[in-house]
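Okay, here's what each chain looks like letter by letter:
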Amino acid sequence: MASPHHGARHGFRAGGAGSFMFALMFASTAFAGEADVVNVNVLAESAGTYSFEVTVVHSDEGWEHYADRWDVLDDAGNILGSRKLLHPHVDEQPFTRSLSGIALPGGLTHVTVRAHDAVHGYGGKEMKVSIPGRTGQ
């Protein structure tokens, strides 16, 4: 007959190993959290379009969980421009990427910039920024 502590001598108890592994897998997926926009610079371009320099912070973990995009939105939630991020930035945090040639509708005085990550989608810190040279700033 096996001792009641037989499983404990082998490093696990019934149900304990599976629960631990599930918790470990979930923790590694959730650890990086959501992608946050921490700085935005908007620059007017000569063609009447705008360039956006966006700084994002996210604890990228590799190809399965990284900040993969940021968007420029109007008040109605329409995407005016989007920068796809082609690889994880594990060792570069926070990181800044730019996108130029974004046409903004007339009368628009501000936009919202949000980031997206491959696991959580949207939900991190967004920034509302004024458009240079537009009234109502």
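All of these numbers come straight from a predicted model, not from anything done at the bench.

Engineer: I tried to follow the overall build of the chain on my own but got confused; where do I start?
Structural biologist: From N to C terminus, the chain includes two helices and seven strands. In the chain, the order of α-helices and β-strands from amino to carboxyl end is α-α-β-β-β-β-β-β-β. Taken across its 137 residues, the chain has 35% of its residues classed as buried. Entry remark: accessible area of the chain is about 8200 Å², with carbon and sulfur atoms responsible for 56%.

Engineer: Mind showing me how you'd approach the sheet that holds strand 6 (residues 110–117) here?
Structural biologist: Within the open sheet, the four strands sit side by side as 4-3-6-7. Their pairing is antiparallel. The sheet terminates laterally at strand 4 (79–84) and strand 7 (127–130), the two strands that pair on one side only. Neighbouring strand axes in the sheet, compared pairwise and without regard to direction, differ in orientation by 25 degrees on average. Alignment of strand 3 (residues 67–73) against strand 4, held across five bridges, turns out to be antiparallel. If you follow V72 over to strand 4, its bridge partner there is G81.

Engineer: In this structure, what is going on with the packing of aromatic side chains? I would like to understand it.
Structural biologist: Each aromatic ring pair is summarised here by two numbers: the centre-to-centre distance and the angle between the ring planes. Enumeration according to the criterion identifies zero aromatic pairs in this entry. The positively charged end of R114 is found above the aromatic ring belonging to Y122, 3.6 Å away from the centroid.

Engineer: What is the right way to read the pairing of strand 3 from this model?
Structural biologist: Moving residue by residue along a regular strand, the side chains alternate between the two faces of the sheet. Across the seven residues that make up strand 3, a large majority, six, are buried. Inspection of the sheet shows strand 3 paired to strand 6 by six bridges, in the antiparallel sense. Residue L73 lies in a different strand from strand 6, and its bridge partner there is T112.

Engineer: Help me out: how do you make sense of the pattern of salt bridges in this one?
Structural biologist: Oppositely charged side chains can form a pair if their charged atoms are brought close together. Scanning the entire structure with this criterion turns up two salt bridges. Measuring nitrogen to oxygen at the nearest pair gives 3.6 Å for the salt bridge that ties R69 to D71. According to the relative accessible area criterion, R69 is partly exposed, its value standing at 25%. Residues joined in a network through salt bridges with shared partners are R69, D71 and R114.

Engineer: Help me understand the sheet that holds strand 1 (residues 36–44), please; the structure alone is not making it clear to me.
Structural biologist: In any sheet, the strands associate via hydrogen bonds between backbone groups, in a parallel or an antiparallel arrangement. Read from one edge of the open sheet, three strands run 1-2-5, paired in antiparallel fashion. Both outer strands of the open sheet, strand 1 and strand 5 (95–102), are each paired with one neighbouring strand and no more. Neighbour to neighbour, the strand axes of the sheet diverge by 20 degrees on average, direction disregarded. Sheet topology note: the strand 1/strand 2 (residues 50–57) ladder contains eight bridges and is antiparallel.

Cut-off values and rules
- Every chain is numbered independently, its residues counted from 1 as its sequence is written.
- A pLDDT threshold of at least 70 governs which residues receive local features in this predicted model, and a stricter bar of 80 or more applies before side-chain atom pairs are shown or counted, although totals over entire chains, interfaces and linings include all residues.
- Based on all heavy atoms of the structure, the side-chain values leave hydrogens and waters out of the count.
- A helix here means a DSSP run of H or I that spans at least four residues, while a strand means a run of E at least two residues long, and both kinds are numbered starting from the N terminus.
- Each residue is assigned to one of three classes by its accessible area relative to the maximum for its type, calculated with a 1.4 Å probe on protein chains only: buried under 20%, partly exposed between the two thresholds, exposed over 50%.
- Surface accessibility in these figures is a Shrake-Rupley result with a 1.4 Å probe; residues are shielded only by whichever protein chains are displayed.
- Note on pairing: DSSP must find at least two bridges between two strands before they are called paired.
- To define axes, lines are fitted to C-alpha atoms, for helices over the stretch in contact only, and angles between the resulting N-to-C directions are given on a 0 to 180 degree scale.
- Each Phe, Tyr or Trp ring (for Trp, its six-membered ring) is paired with any other whose centre lies within 6.5 Å, and the angle between the two planes then decides the class: stacked below 30 degrees, edge-to-face above 60, tilted in between.
- Think of it as a cone above the ring: NZ of Lys or CZ of Arg counts as a charge over the ring if it is within 6 Å of the ring centre and within 35 degrees of the ring normal.
- In the sections that follow, a salt bridge refers to a side-chain nitrogen of Lys or Arg positioned within 4 Å of a carboxyl oxygen of Asp or Glu.

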